[in-house]
Amino acid sequence: MSVLDSILEFNENFVEKKDYEQYQTSKFPDKKLVILTCMDTRLLEMLPRALNLSNGDAKIIKNAGAMISHPFGSIMRSIIVALYELQAEEVAVIGHYGCGMTGLESNSILDKAEDRGIDLAKIEAASYAGVDVDKWLHGFNDVEDSVKNSVDIIRRHPLLPANTPVHGLAISPDTGKLTVLDRAE
Ligand SMILES: [Zn+2]
């Protein structure tokens, strides 16, 4: 059975048994919090449990590395939407130790892409169109530096409401322990 088939089978049962009732809440975060964190599978349940977050408590935005690479990209837009439209009042960037984006170089992906039949000339065409593909695929050298950099981008953003606390943290994917890297006043 494919993963999708097993999901669909489970889902039918989930809805039929009204298992959704225990999760019903509103779209507004009860703890007025928006979190940017990593898509790492180890954090799927660990992060909400380790922060005592239940359904309805926070807006959680995820990407590879909990990185903001552009002040007017989709991650920053999500944060702005959470702050203006969804009643969030506080922001936390939570990177994690042992992140797959640590030390990631664009060559690692581009070499694999070439092995899988991608014509890299097309990628060069993107570079000519103004996209710095190497930078776009680059991870970071140190998760703590990366979190602080993302925190700076948020704090300096011209659309950030005045006095919005923006914090930077890192979580252990093994123990769930949080380390505060940069705490808003
Ligand atoms: Zn990660």
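Here is what the cut-offs are and how they apply
- Residues numbered from 1 in each chain as written.
- Predicted model: local features only at pLDDT ≥ 70, side-chain atom pairs only at ≥ 80, totals over all residues.
- Heavy atoms only, no water.
- UniProt positions renumbered as here; feature names shortened; annotations may be inferred.
- Helix = DSSP H or I, 4+ residues; strand = E, 2+ residues; numbered from the N terminus.
- Buried < 20%, exposed > 50% of the residue type's maximum accessible area, 1.4 Å probe, protein only.
- Contact = heavy atoms within 4.5 Å.
- Pairing = 2+ DSSP bridges.

This paragraph deals with the UniProt feature "binding site: Zn(2+)" (unreviewed entry) in the chain. According to UniProt, the "binding site: Zn(2+)" (unreviewed entry) feature falls on Cys-38, Asp-40, His-96 and Cys-99. In summary, the annotated positions, though distributed over 62 residues, converge in three dimensions, the widest C-alpha pair being only 8.8 Å. You can see Asp-40 is positioned in the loop between strand S1 (33-38) and helix H2 (43-50). With relative accessibility at 14%, the residue Asp-40 sits in the buried group. Secondary-structure assignment places His-96 in strand S3 (residues 90-96). With near-sequence residues (within four places) excluded, His-96 lies in contact with Cys-38, Asp-40, Arg-42, Leu-43, Val-143, Ile-171 and Pro-173.

Turning next to the pairing of strand S4 (residues 166-171). Of all 6 residues in S4, 6 are buried; the element is thus mostly enclosed. By the alternation rule, side chains of S4 split into Val-166, Gly-168 and Ala-170 and His-167, Leu-169 and Ile-171, which are all buried. Where S4 meets strand S5 (residues 178-182), 4 bridges bridge the pair, whose relative direction is antiparallel. Paired with Ile-171 across the two strands is Leu-178, which belongs to S5. Linking two consecutive strands that pair antiparallel, namely S4 and S5, is a turn of 6 residues; a positive phi of about 80° is found at Gly-176 within it.

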